[in-house]
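Each chain, letter by letter, is given below.
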Amino acid sequence: MASGEGFLTDEQREVLKIASQNVETPLPSPGLSSSPKSPTSLLSDHQLKDPAGGKAPTCGVGVRHVRRSHSGKFVRVKKDGAGGKGTWGKLLDTDRESHIDRNDPNYDSGEEPYQLVGSTISDPLDEYKKAVVSIIEEYFSTSDVELAASDLKDLGSSEFHPYFLKRLVSIAMDRHDKEKEMASVLLSSLYADVISPNQIRDGFVMLLDAADDLAVDILDAVNILALFVARAVVDEILPPAFLTRAKKTLPESSKGYQVLQTAEKSYLSAPHHAELVERRWGGSIHVTVEEMKKKIADLLREYVESGDTFEACRCIRELGVSFFHHEVVKRALVLAMEIQAAKLLMLKLLKEAAEEGLISSSQMVKGFARLAESLDDLALDIPSAKTLFQSIVPKAISEGWLDASFSKSSCEDGEGQSEDKRLRRYKEEVVTIIHEYFLSDDIPELIRSLEDLGLPEFNPIFLKKLITLVLDRKNREKEMASVLLSALHIEIFSTEDIVNGFVMLLESAEDTALDILDASTELALFLARAVIDDVLAPLNLDEIASKLSPNCSGSETIRMARSLITARHAGERLLRCWGGGTGWAVEDAKDKIMKLLEEYESGGVVAEACQCIRDLGMPFFNHEVVKKALVMAMEKKNDRMLDLLQWSSDGRFTHPG
């Protein structure tokens, strides 16, 4: 452009002139908000026009939204002064997202955006409660006590077991009688082994505390919970004293207090309450050991007749007692020895059951070991038992269905290889003597047979053999064994013999339990009964305990025996624990003793009186004879009663001469 006018239009020149004048105008004083000559006022009086004479693009927009750029142009800017083209933007531009370049040399990881992630803190008790519900529901579906016990052990958190008890009972309370019975059976099975006695107690305390809440949802909650408490007392997982102690901690107006009152008055005080409580929900869902053994025996005999191995394996599986398969092994081997034609079939069954994993290796070894321990007794009926067994073992090992760890030492008698021939012979003899006693019930004949053997140093072994044999028999034989112990203690056994015999029994209790599931409970009853019968003194239990290893199962058996002895009416209950005893009430027995002594006082013979005392059949109650005789001696002021006590203490019941 050659023109001296330049490239500005007339209107632009006018704007430039105004701007120049504004620059030369002095700044307003701090006290004034604006100057009459401020750019804002000037611009508000002057309308911008485009070169063509039209309105500028900023027409209609407030002048505060117009800003002069560095090029001298007036441009429309964004609201709040964020700027536009040719502007610097806001001082702090927070509306625009910043981009962080990790490849930038000035990159700082601290500038990276971060986000707080919420996390729920888990409560171990809540997790435990959720897990046990699954265990309980599965148990109600399968009735598998062993699986429930295993799952509870694997869960850990044993300190929370009282909550398991509370949850189990509270769920069962709202179910049918079948589930209630299953819950009681499970608690009895878990007692001591999985859940400690103190945890059982704490669990029931929690239930009593929650009785008011349970009653809101379950109309008959008080009666049902009272029955659970009574059943726990009958099953001896709660001591009778629990009711009295728990009452002291509960308000009399509470439902928990009503539960204890109902349990005590309606259930535990009724005649024959144990039988009534046990059958209240339809009886035990468990098959007894005797019934299970019978099922196994029937199963194997059917297999001998049919020869169908597949069907026999299916029946074994349906029994649902994998922990008891050692009984299948033992009985199969016995049948193989008894019936020559069945030998190949039984070995085939055991081989296939092992190969299928139906019978585990440990159960197979236990079955063989149990039979090995009873070979001496079995040889009385099957003379070739030892030879046959010794031929089966290497065959089973070579074919791979019996673990090679089963050595020849397992074939020795359960008492160990160190036993000499004299002891072995003694054991064979006493087994025969015991069997004859069970048939004849002749105590004097048994005593004469033992005296003829002339081996009093083996008396503890006789006691062990006697009780071991009856553990697997009916209540009648158990009662006979207890009566026999009382007679032997009077006649030929010392207290030391009795103590040592029970020590031997308890030392082998874990092995005995492989064959008899409730062996610990039965042994506790024998111990408690011995104390009630005055065969042992209560202090002898401490002596027995001191001779046992601290962690052996025998120590728990002694603890159970102490609980039985200290229970209310222990004497009467233990007297009838196997349905035995004279059946008399205590008052009737006292009346008979009084009449006996009065008859003797009026001119009877000492020998006859001693025989009458023996005929009472209550050696555990002879202390009453002593007490009444002493009272009568003091009343009559003569020595006649003292003569009777002297003859009785010498053991001469029939012939004082």
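Residues numbered from 1 in each chain as written. Predicted model: local features only at pLDDT ≥ 70, side-chain atom pairs only at ≥ 80, totals over all residues. Heavy atoms only, no water.

## As for the overall build of the chain
Helix and strand counts for the chain come out as 33 helices and two strands. Counting all 657 residues of the chain, 39% fall into the buried class. Of the contacts made within the chain by residues no fewer than 6 positions apart, 70% connect residues no fewer than 24 positions apart. Carbon and sulfur atoms make up 51% of the accessible area of the chain, which amounts to about 37,200 Å² in all. (Helix = DSSP H or I, 4+ residues; strand = E, 2+ residues; numbered from the N terminus. Buried < 20%, exposed > 50% of the residue type's maximum accessible area, 1.4 Å probe, protein only. Contact = heavy atoms within 4.5 Å. Areas by Shrake-Rupley, 256 points an atom, 1.4 Å probe, with all protein chains shown as cover.)

## Side note on empty space enclosed by the protein
One pass over the structure, following the stated rule, counts one cavity of 30 Å³ or more. Here the largest cavity defines a volume of roughly 40 Å³. Sorting the residues of the lining of the largest cavity by element identifies α6 (177-190) and α9 (221-234) as the ones contributing at least two each. Residues that form the lining of the largest cavity fall into these classes: five nonpolar, two polar and two charged. (1 Å grid on protein atoms, 1.4 Å probe; cavity = no way out; pocket = protein on both sides within 12 Å on 5 of 7 lines; lining within 4 Å. Points joined across faces, edges and corners; volume = space filled by probe spheres on them. Nonpolar A, V, L, I, M, F, W, Y, C, P; charged D, E, K, R; others polar.)

## Focus on the pattern of salt bridges
Within this structure, the stated rule accounts for 22 salt bridges. Across the salt bridge formed by Arg231 and Glu181, the nearest N and O atoms sit 2.9 Å from each other. Pair noted here: Arg231 is in helix α9 and Glu181 is in helix α6, with a separation of 50 residues, a long-range link. You can call Arg231 buried: its relative accessible area is 6%. Lys247 is the salt-bridge partner of Glu264, the closest N and O atoms lying 2.8 Å from each other. One end of the pair, Glu264, is in helix α11 (residues 255-268); the other, Lys247, is in helix α10 (residues 241-248), with 17 residues separating them in the sequence. (Salt bridge = Lys/Arg side-chain N within 4 Å of Asp/Glu carboxyl O.)

## Re the environment of Ser549
Structurally, Ser549 can be placed in the loop between α27 (538-546) and α28 (553-566). Put simply, Ser549 and Glu507 are 42 residues apart on the chain and 8.2 Å apart in space, counted from C-alpha to C-alpha.

## What to know about α28
Between the first and last C-alpha of α28 there are 21 Å, a value that for 14 residues agrees with the 20 Å anticipated at 1.5 Å per step. Every buried residue of α28 is accounted for by Gly554, Thr557, Ile558, Met560, Ala561 and Leu564. Taken end-on, α28 shows its buried residues confined to a sector of 160°, consistent with a single buried face. On its buried side, α28 packs onto α24 (495-507), α26 (519-532), α27 and α29 (570-575). (Expected span 1.5 Å × (residues − 1). Arc of directions from axis to C-beta.)

## Comments concerning the packing of α27 against α28
For the pair α27 and α28, interaxial distance at closest approach is 10 Å and the crossing angle is 170°. As far as their axial angle goes, α28 and α27 are roughly antiparallel. Across from Leu541, Asp542, Ile544 and Ala545 in α27, the residues of α28 making contact are Ile558, Arg562 and Ile565. When grouped by side-chain class, the residues that make up the contact of α27 with α28 number five nonpolar, no polar and two charged. (Axes fitted to C-alpha atoms, helices over the stretch in contact; angles between N-to-C directions. Parallel < 35°, antiparallel > 145°, perpendicular 65-115°, else oblique.)

## Here's the deal with the nonpolar core
Formed by 61 residues in total, the largest nonpolar core has its most connected members in Leu152, Phe164, Met173, Phe204, Leu225 and Phe228. No other element matches the 12 residues that α9 contributes to this core. (Core = buried A, V, L, I, M, F, W, Y, C linked by side-chain atoms within 4.5 Å.)

## Section: a nonpolar patch on the surface
A cluster of nonpolar side chains, namely Val626, Leu630, Val631, Met634 and Leu642, defines an oily patch on the protein surface of about 420 Å² accessible area. Mapped onto the elements of the fold, Leu642 is located in helix α33 (residues 640-649). Residue classification places Leu642 among the partly exposed positions, given a relative accessible area of 39%. (Patch = residues over 30% accessible without salt bridge, like charges linked within 9 Å, V, L, I, M, F, W, Y side chains within 5 Å.)

## Regarding the packing of aromatic side chains
Enumeration according to the criterion identifies nine aromatic pairs in this entry. Taking the centre distance of 6.3 Å and the plane angle of 80° together, the rings of Phe160 and Tyr163 count as edge-to-face. On the basis of relative accessible area, Tyr163 is assigned to the partly exposed category, the value being 28%. Put simply, the rings of Tyr128, Phe160 and Tyr163 pair up and form one aromatic cluster. Positioned above the aromatic ring of Tyr257 is the side chain of Lys247, whose terminal nitrogen or guanidinium carbon lies 5.8 Å from the ring centre. (Phe/Tyr/Trp six-rings, centres within 6.5 Å; stacked < 30°, edge-to-face > 60°. Lys NZ or Arg CZ within 6 Å of the ring centre and 35° of its normal.)

## Looking at helix α14 (residues 309-319)
An α-helical turn contains 3.6 residues, so a residue and the one three or four places further along point in the same direction. Of all the residues in α14, the buried ones are Thr309, Ala312, Cys313, Ile316 and Leu319. End-on, the buried residues of α14 take up no more than an arc of 115°, which puts them together on one face. Every exposed residue of α14 that faces more than 90 degrees away from the buried side is listed here: Phe310 and Glu318. Capping of α14 at its N-terminal end is provided by Asp308; its side-chain oxygen lies 3.2 Å from the backbone amide nitrogen of Phe310. (Polar contact = N/O pair within 3.5 Å; in protein donor to acceptor, adjacent residues only side chain to side chain.)

## Here's the deal with the environment of Glu556
If you trace the backbone, Glu556 turns up in helix α28. Here the alpha-carbon distance between Glu556 and Thr521, two residues 35 residues apart in the chain, equals 9.7 Å. At 2.7 Å, the side chain of Glu556 forms a polar contact with the side chain of Arg559.

## Some thoughts on the side chain of Ser184
You can see Ser184 is positioned in helix α6. The contacts of Ser184, once residues within four sequence positions are left out, are Phe228, Arg231, Asp235 and Trp281.

## Describing a negative patch on the surface
The grouping of Asp174, Asp212, Asp213 and Asp217 at the surface amounts to a negative patch. Inspection of the secondary structure puts Asp213 in helix α8 (residues 211-217). The class of Asp213 is exposed, set by a relative accessible area of 56%. (Lys, Arg positive; Asp, Glu negative; His and termini not counted. Charge placed at Lys NZ, Arg CZ, Asp CG, Glu CD.)

## Brief notes about the confidence of the model for the chain
Put simply, the chain has an average pLDDT of 77, and 76% of its residues get 70 or more. Low pLDDT, under 50, characterises residues 1-5; the predicted model gives this stretch three contacts beyond four residues in sequence or across chains. (pLDDT = per-residue confidence, 0-100.)

## Description of the state of the cysteines
In this structure the tally under the stated criterion is zero disulfides. Not part of a disulfide, Cys315 finds its nearest cysteine sulfur in Cys313, a span of 9.4 Å. Accessibility expressed as a relative area gives 21% for Cys315, which makes it partly exposed. The thiol of Cys610 is not disulfide-bonded; the next cysteine sulfur, from Cys612, is found 9.3 Å away. (Disulfide = S-S within 2.5 Å.)

## Quick notes on the side chain of Ser254
Secondary-structure assignment places Ser254 in the loop between α10 and α11. Polar side-chain contacts of Ser254 include one of 2.7 Å to the backbone oxygen of Pro251. Looking at Ser254, its side chain comes within polar contact range of the main-chain nitrogen of Tyr257, at 3.2 Å.

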